[in-house]
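# Analysis of the macromolecular model
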Amino acid sequence: MQDFFLWFIIFWCIVLVGLFGIGGFFMFRKFLKVFPKADGKSTLDWEEHYVNESLHLWNEEAKKLLNELVSPVPELFRDVAKQKIAAKIGQIALEDRAKMIDFDHIIRGYIIATPKRDHKFLRRKLDSMEIDLTPYEHLF
């Protein structure tokens, strides 16, 4: 019985160290996004800036398309993904000096803001929406 209890304690210690390591990794990544860059603003500050500056450019159709594009993202992470993608779309629209966010801005921002490891899922979603990716191949 004592051997079983000893192995249980050792197993549980390994599991806890592993879980703490995984949690620490994600906490550290979040910390790096909040940490100011050379220009004095963090990644999250820039995201918030671009969203706020481009807020007046969004119409209902663009918002619906953005919601449709982020629908495959698990609900727990959907708000973070939507913020990141909307910031990139806003940045592109502001750089183009657009009067309104259009379909092209949304697709370009969606592709650029999505991590490379998720491009397989991105392509699948855009294919299911019957969106031609030919003009955007250079962004992948």
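Scroll up to find the structure.
In this report, we go over the structure that sits alongside the text. (Residues numbered from 1 in each chain as written. Predicted model: local features only at pLDDT ≥ 70, side-chain atom pairs only at ≥ 80, totals over all residues. Heavy atoms only, no water.)

## Quick look at the overall build of the protein
Applicable threshold: Where helices and strands are cited, they refer to DSSP runs of H or I of at least four residues and of E of at least two residues respectively, numbered from the N terminus. The globule rule used for comparison is 2.2 Å times the number of residues to the exponent 0.38, while the radius of gyration itself is calculated over C-alpha atoms. Remark: exposure states derive from per-residue accessible area (1.4 Å probe, protein chains only) relative to the maximum for the residue type, with buried under 20%, exposed over 50%, and partly exposed in between. Whether two residues are in contact is decided by their heavy atoms, any of which lying within 4.5 Å being enough. Only the protein chains shown count as cover for residues, with accessible areas throughout obtained via the Shrake-Rupley method and a probe of 1.4 Å.
What the protein contains, in helices and strands, is six helices and zero strands. Each helix and strand of the protein, ordered N terminal to C terminal, gives the series α-α-α-α-α-α. Its C-alpha atoms give the protein a radius of gyration of 20 Å, clearly above 14 Å, the size a compact globule of 140 residues would have. Along the first, second and third principal axes, the C-alpha set of the protein runs to 70 × 40 × 30 Å. When burial is assessed residue by residue, the protein has 28% of its 140 residues classed as buried. Taking the intrachain contacts of the protein between residues at least 6 apart in sequence as the baseline, contacts between residues at least 24 apart amount to 52%. Within the structure as shown, the protein displays about 10,200 Å² of accessible surface, and the carbon and sulfur contribution to it stands at 64%.

## Quick notes on the nonpolar core
Generally speaking, soluble globular proteins have nonpolar side chains that are buried together. This is how the line gets drawn: In plain words, nonpolar cores are sets of buried Ala, Val, Leu, Ile, Met, Phe, Trp, Tyr and Cys residues tied together by side-chain atoms within 4.5 Å.
Counting residues in each nonpolar core, the largest one holds 27 residues, and the members touching the most others are I101 and L126. Of all the elements in the fold, those that place two or more residues in this core are α2 (43-54), α3 (60-69), α4 (75-95), α5 (103-113) and α6 (119-128). In this view, L126 contacts L69, I107, Y110, I131 and L133; residues no more than four positions away in its chain are not counted.

## Here we look at the layout of surface pockets
Gaps between atoms show up when a probe of the same size as a water molecule is rolled over them. Threshold: Of the two site types, the cavity is a set of points on a 1 Å grid over the protein atoms alone where a 1.4 Å probe fits but cannot get out, and the pocket is an open set with protein on both sides within 12 Å along at least five of seven lines, each lined by residues with an atom within 4 Å of a point. Grid points are joined across faces, edges and corners, and a volume is the space filled by probe spheres set on the points.
Volume-wise, the largest pocket comes out at about 940 Å³. Along the wall of the largest pocket there are 24 residues; nearest its centre are F77, V80, A81, R117 and D118. Where the lining of the largest pocket is concerned, the elements lending two or more residues are α1 (2-34), α4, α5 and α6. If you tally residues by element for the lining of the largest pocket, the top one is α4, at six residues.

## Let's talk about α4
Note the threshold: Given a helix with a known number of residues, its expected span is that number minus one, times 1.5 Å.
Taking 1.5 Å of rise per residue, the 21 residues of α4 would be expected to cover 30 Å, and the 30 Å separating its terminal C-alpha atoms lies within 8% of that figure. Taken residue by residue, α4 has A81, I85, A86, A87, I89, G90, Q91, I92 and A93 as its buried positions. Residues of α4 that are buried make contact with α2, α3 and α5. Just downstream of α4, R97 is the residue with a positive phi angle, here 55°.

## Considering the environment of S128
What counts is decided by this rule: Pairs of N or O atoms are called polar contacts if they sit within 3.5 Å, as long as, within protein, a hydrogen donor faces a hydrogen acceptor (for residues adjacent in sequence, only side-chain-to-side-chain pairs).
By the element assignment, S128 lies in helix α6. Take S128: its relative accessible area is 53%, and that puts it in the exposed class. When the C-alpha positions of S128 and F11 are compared, they lie 44 Å apart, and in sequence the two are 117 residues distant. Side-chain polar atoms of S128 contact the backbone oxygen of K125, separated by 2.7 Å.

## Digging into the pattern of salt bridges
The condition is simple: We define a salt bridge as a contact between a side-chain nitrogen of Lys or Arg and a carboxyl oxygen of Asp or Glu at a distance within 4 Å.
Going through the model one piece at a time under the given rule, you end up with four salt bridges. Its salt-bridge partner being K125, residue E68 comes within 2.7 Å of it at the nearest N-O pair. Note that E68 is positioned in helix α3 and K125 in helix α6, a separation of 57 residues in sequence. Since its relative accessible area comes to 36%, E68 is described here as partly exposed. For D104, the salt bridge goes to R108, with nearest N and O atoms at 3.2 Å. A residue pair is termed a helical-turn pair when its members lie 3 or 4 positions apart in one helix, as D104 and R108 do in helix α5 at four residues. R108 gets classed as partly exposed once you look at its relative accessible area, which sits at 21%. Residues joined by salt bridges that share partners form a network here, namely D96, D104 and R108.

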